Amino acid sequence: MTPTDLPGVLRDATTAVLARRGLDTTVVPETVVVERPRNPDHGDYATNIALQIAKKVATPPRDLATWLAEELAGVDGIATAEIAGPGFLNLRLAAASQNVVVSDVLAAGAAYGRGATLADTAINLEFVSANPTGPIHLGGTRWAAVGDALGRVLAAQGAAVTREYYFNDHGTQIDRFAQSLLASALGEPTPDNGYAGAYIADIAADVQRARPGVLDLPEDERLETFRAVGVEAMFDHIKNSLAEFGTRFDVYTHENSMFTSGAVDECIAALKANGNLYENDGAWWLRSTDFGDDKDRVVIKRDGEAAYIAGDIAYFRDKRNRGADLCIYMLGADHHGYIKRLKAAAAALGDDPATLEVLIGQMVNLVREGKPVRMSKRAGTVITLDDLVDAVGVDGARYSLIRSSVDVNLDIDLDLLTTQSNENPVYYVQYAHARLSAVGRNAADLGVTADAGSLDLLVEPAEGELIRTLGDFPGVVETAATLREPHRICRYLETLAGTYHRFYDRCRILPQGDEDPTALHGARLALCDATRQVIANGLDLVGVSAPERM
């Protein structure tokens with residue numbers, strides 16, 4: 001038995017105990033929760049399963065816990081099972097059961113931590129999707145990091161993930177962008193509600209280089225040229241920034257294509273046919289309140305033009321038609337109303353609203369010397385992805401954006417992220433990997449090789465704590481995928497780095513002086529190799545490098 005097997009062992013033991021006493025076995029949950037106690041004196045693992053189901057089988061929790069402890073005492077690999085408090089169970093594993101984790105990591109290598117909970121699930125993951133009217137701002141940058149990490153985590157659980165960027169190139173914002181470019185080229189002030197910043201002048205100059213004589217064209221043709229060429233130039237800038245940030249997409253879909261392809265017209269026809277689109281006061285309305293929305297939504301305006309939601313409905317249907325079992329949308333803080341709206345649209349189309357998930361990300365602020373950083377030199381009014389990368393590098397930017405839950409506002413301390421100290425979380429984790437790499441190089445110089453056959457010698461508390469932390473990794477990855485929370489990977493890595501540093505301080509890994517290598521040195525080196533592998537695997541899941549030297 002390994003630590004990974006423990007939830008199943010507990011489920012089987014609980015079922016056996018209840019069945020033996022003629023009690024209802026259906027109350028046993030599919031997955032028994034097992035946790036690591038904060039105080040290692042309380043055991044290696046703990047569970048509250050007795051407290052969880054005792055009332056359902058009319059049994060005092062401590063009695064049920066006592067029966068379970070007796071049952072588990074006979075399970076190979078469990079050293080002790082003790083009752084605590086009103087009915088908690090504290091478990092200690094036999095050393096051999098723990099140490100097999102090291103062998104598992106070394107055998108699996110880069111695959112350690114991966115699972116199959118999402119196997120055969122096709123997931124369309126849409127994130128960033130910034131309007132092509134300017135560089136990606138900090139909110140979009142957060143999604144660029146978190147979305148990419150989430151895609152990696154979902155894929156690590158067997159999902160077939162399509163990373164998609166939806167270009168909003170249809171509507172009034174694009175009109176304002178084109179007008180702003182033209183005004184810049186003509187040396188005129190920025191139009192009302194237009195876009196300002198040095199990048200506008202750069203794009204306007206790009207348009208004139210690409211289309212010499214554009215300013216001599218008739219007015220309508222001139223504006224359309226600035227729109228088409230300018231939007232394409234902005235697309236290129238966004239794509240390049242994302243690629244340099246380590247974020248790449250499988251599919252780029254243009255909002256305008258939903259209209260030009262006829263997808264919007266097909267959706268409207270389908271909704272009219274099934275009765276979920278009705279006419280009132282010259283407009284066509286979606287019966288979205290019938291499906292949980294706050295109000296019915298206008299899909300076709302009185303003037304016959306499609307409302308913004310028309311493209312959204314067609315886009316969801318397009319994703320499903322392309323084979324997505326689940327569509328995940330990662331949207332900004334001002335999009336809370338989209339959750340009910342999109343789910344209602346899915347239901348109105350006759351689809352299951354559960355095939356659509358919306359994640360909302362909160363705002364990001366930059367702080368330097370204790371004061372907010374408010375303005376970009378390039379964009380004029382906002383901080384951009386490029387600004388953040390220039391300040392702290394790709395690794396620092398990505399890690400700092402991913403390590404916090406997206407449903408909280410995030411302050412990024414630029415001074416902290418440029419320091420080489422344990423207070424800098426990305427440095428702390430990367431340094432652990434570099435330190436482990438140095439141990440490997442030093443071991444090679446001393447002729448010490450990893451010895452996975454002597455792992456039974458690893459009996460020190462610091463060794464056991466490190467091994468148990470390694471054993472937690474697959475469960476952390478699975479939970480991160482299930483809850484759509486890649487920040488759990490970062491927090492785990494910080495815990496693992498801290499656990500390793502404590503082990504390093506308390507357990508001498510390599511021989512010193514004239515000391516000959518022993519089996520214990522080889523076993524500890526195997527533990528170090530496994531730890532380095534897990535840190536590398538975790539950093540890869542969040543798209544951050546694992547340096548061998550720092």
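Residues numbered from 1 in each chain as written. Predicted model: local features only at pLDDT ≥ 70, side-chain atom pairs only at ≥ 80, totals over all residues. Heavy atoms only, no water.

1. Here's the deal with the UniProt feature "domain: DALR anticodon binding" (unreviewed entry) in the chain
To keep it simple, the criterion reads: UniProt positions are given in the numbering used here, feature names are shortened, and annotations may be inferred rather than shown by experiment. Helix and strand labels come from DSSP, where a helix needs a run of H or I of at least four residues and a strand needs a run of E of at least two; each type is numbered from the N terminus.
When the UniProt feature table is mapped to this numbering, "domain: DALR anticodon binding" (unreviewed entry) covers residues 429-550. Its end C-alpha atoms 11 Å apart, residues 429-550 is made of 69% helix and 0% strand.

2. Some remarks on the pattern of salt bridges
Our working rule: Salt bridge, as used here, is a side-chain nitrogen of Lys or Arg placed within 4 Å of a carboxyl oxygen of Asp or Glu. In this scheme, a residue with accessible area under 20% of its type's maximum is buried, one over 50% is exposed, and one in between is partly exposed, where area comes from a 1.4 Å probe on protein chains only.
Scanning the entire structure with this criterion turns up 27 salt bridges. We note a salt bridge from E224 to R227, for which the minimum N-O separation is 3.0 Å. Linking E224 with R227, this pair stays in helix α8 (residues 219-244), spanning 3 residues, or about one helical turn. For E224, a relative accessible area of 41% corresponds to the partly exposed category. For R297, the salt bridge is made with D293, and the minimal N-O distance between the two is 2.8 Å. Here R297 matches D293 in class, with each residue buried. When salt bridges that share partners are traced, they join R36, D44, R92, E465, R468 and D472 into one network.

3. Observations regarding the UniProt feature "domain: Arginyl tRNA synthetase N-terminal" (unreviewed entry) in the chain
Mapped onto the present numbering, the UniProt feature "domain: Arginyl tRNA synthetase N-terminal" (unreviewed entry) falls at residues 4-93. Across residues 4-93, helical content stands at 36% and strand content at 18%; the span's end C-alpha atoms are separated by 12 Å.

4. A closer look at unusual backbone geometry
Residue V128 is not a glycine yet carries a positive backbone phi of 70 degrees. By secondary structure assignment, the location of V128 is in the loop between β4 (122-126) and α5 (138-156). For V128, a relative accessible area of 10% translates into the label buried.

5. What to know about the nonpolar core
Formally: Note on terminology: a nonpolar core comprises buried Ala, Val, Leu, Ile, Met, Phe, Trp, Tyr and Cys residues joined through side-chain atoms within 4.5 Å. In what follows, a contact means two residues having at least one pair of non-hydrogen atoms within 4.5 Å.
Residues V128, L154, F177, L242, M330, I489 and F503 are the most contacted members of the largest nonpolar core, which totals 108 residues. The contacts of V128, once residues within four sequence positions are left out, are I136, G140, W143, A144, Y165, L242 and F249. Counting 24 residues, the second-largest nonpolar core is a separate cluster that includes L10, V28, V57 and L93.

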